[in-house]
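Structure assessment
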Amino acid sequence: MAHGSRDPRATATVEALLERVRLARPGLAVHAAYLDHARPSLPEVLASLDEAVVLPLLLTDAYHTRVDIPAFLREEAARRDTHPERSARPSRSPGLGAAMPARTRPPLVVHQGAALGPHPLLITALERRLAEAGVEIGDPETAVVLVSAGSSDHRAIAVIDEMAHDWALARGWHSVTPAYASAASPTPEEAVRRLLAAHPSPLSPALGAGPRTSARHDPPAPHDSPARHDSPARHDFPARSDSPARHARPARVVVATYLLAPGYFADKVRRTALAAGAHTVAAPLGPAPELVTVLLERHAQAVSLLRTATQVPTPG
């Protein structure tokens, strides 16, 4: 279940990722569905299925995973219960030629799995993209700006902040600063400029600032952006107080693009970060092999939960 975009590169990326999943698990039925701006929609896919696991191809657990997808699943289950579809053609008894009553479809059995992130392998995928762009992984003179789509949900922001903190500790980068393409601060451009300043700003999240209270108002993102349901106003969130960082100016700043696919946000991040002085902007995650592994892991977890939820208790 991907977000969907008017940009054909985004759909092509989703299809490439799912094709790698099919190759990794022959026999597993894998269907693409989109929340918006692309087809098929989730209801269209579920209409032909009686049992399914829905895996959000989303990197954080925010509005879409908590509200949109559960609402789609409830609506489809209710429709199936209220108006059970019958088979398109009445079945016939072999050898008799007489039409038998049309079959009533069983109730929809469906379980929503977890979002892709957070997961340690997604950091590995980010490093893969940085290395492909010529970045030395873990260079103490290199500052990383970890850019996600952004959200007005403080829980989603906290996850990105935690990722940045843990990544900096694990690899020894100069610093890892979270930044957001929409709905939260700092923007990638702001983060890059602060890091390249002679004396890093005390507002920089990598320096462990306290709550930031300035409000920023950007024009609303296009309707194919993942932040469609978030407020267009940017929200400033407190950063971790123990975020590791060096106060010296880094030799270079690189951008790790924590987005699934090319599109409006990825293009904007690349353009504005390079204009602000970033040395390198890595490509989005795309159909990286690490994402295939994470998807199959999320599928296995969801199937296990689905089987547990639908298991018939054994009498006494």
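This write-up is about the structure you can find in this document.

The rules we used
- All chains use their own residue numbering, which begins from 1 and follows the written sequence.
- pLDDT decides what is reported in this predicted model: residues at 70 or higher carry local features, side-chain atom pairs at 80 or more are listed and counted, and totals for whole chains, interfaces and linings draw on all residues regardless.
- Based on all heavy atoms of the structure, the side-chain values leave hydrogens and waters out of the count.
- Strands are labelled as partners when DSSP assigns at least two bridges between them.
- Counting from the N terminus, the helices are the DSSP runs of H or I reaching at least four residues and the strands are the DSSP runs of E reaching at least two.
- Should any heavy atoms of two residues lie within 4.5 Å, those residues are considered in contact.
- Every angle, taken between N-to-C directions, lies between 0 and 180 degrees, and every axis is a line fitted to C-alpha atoms, over only the stretch in contact when it is a helix.
- Exposure classes here rest on a 1.4 Å probe applied to the protein chains alone. A residue is buried below 20% of its type maximum, exposed above 50%, and partly exposed in between.

**Observations concerning the sheet that holds strand β9 (residues 280-281)**
Whenever strands of a sheet pair, they do so through backbone hydrogen bonds, lying parallel or antiparallel. One open sheet accounts for four strands, arranged β4-β3-β8-β9; its pairing is parallel. Looking along the sheet, the strands with just one partner apiece sit at the ends: β4 (175-180) and β9. As judged from the six bridges shared by strand β3 (residues 142-148) and β4, these two strands associate in the parallel manner. Along β4, the bridge assignment pairs valine 144 with valine 176. The sheet strands contacting helix α4 (residues 120-132) are β3 and β8 (252-257), and the helix crosses β8 at an angle near 130 degrees. Relative to β4, helix α6 (residues 188-196) is tilted by about 150 degrees, and along the sheet it contacts β3, β4 and β8.

**Describing the side chain of histidine 299**
Here histidine 299 lies in helix α8 (residues 289-310). In this structure, histidine 299 is in contact with Arg25, Leu28, Val53 and Leu55, ignoring residues within four places of it in sequence.

**Concerning the environment of alanine 143**
Its location among the elements puts alanine 143 in strand β3. Under the relative-accessibility criterion, alanine 143 is labelled buried at 0%. When the C-alpha positions of alanine 143 and alanine 168 are compared, they lie 9.3 Å apart, and in sequence the two are 25 residues distant. Setting aside its immediate chain neighbours within four residues, alanine 143 contacts His174, Ser175, Leu195, Pro250, Arg252, Val253 and Val254.

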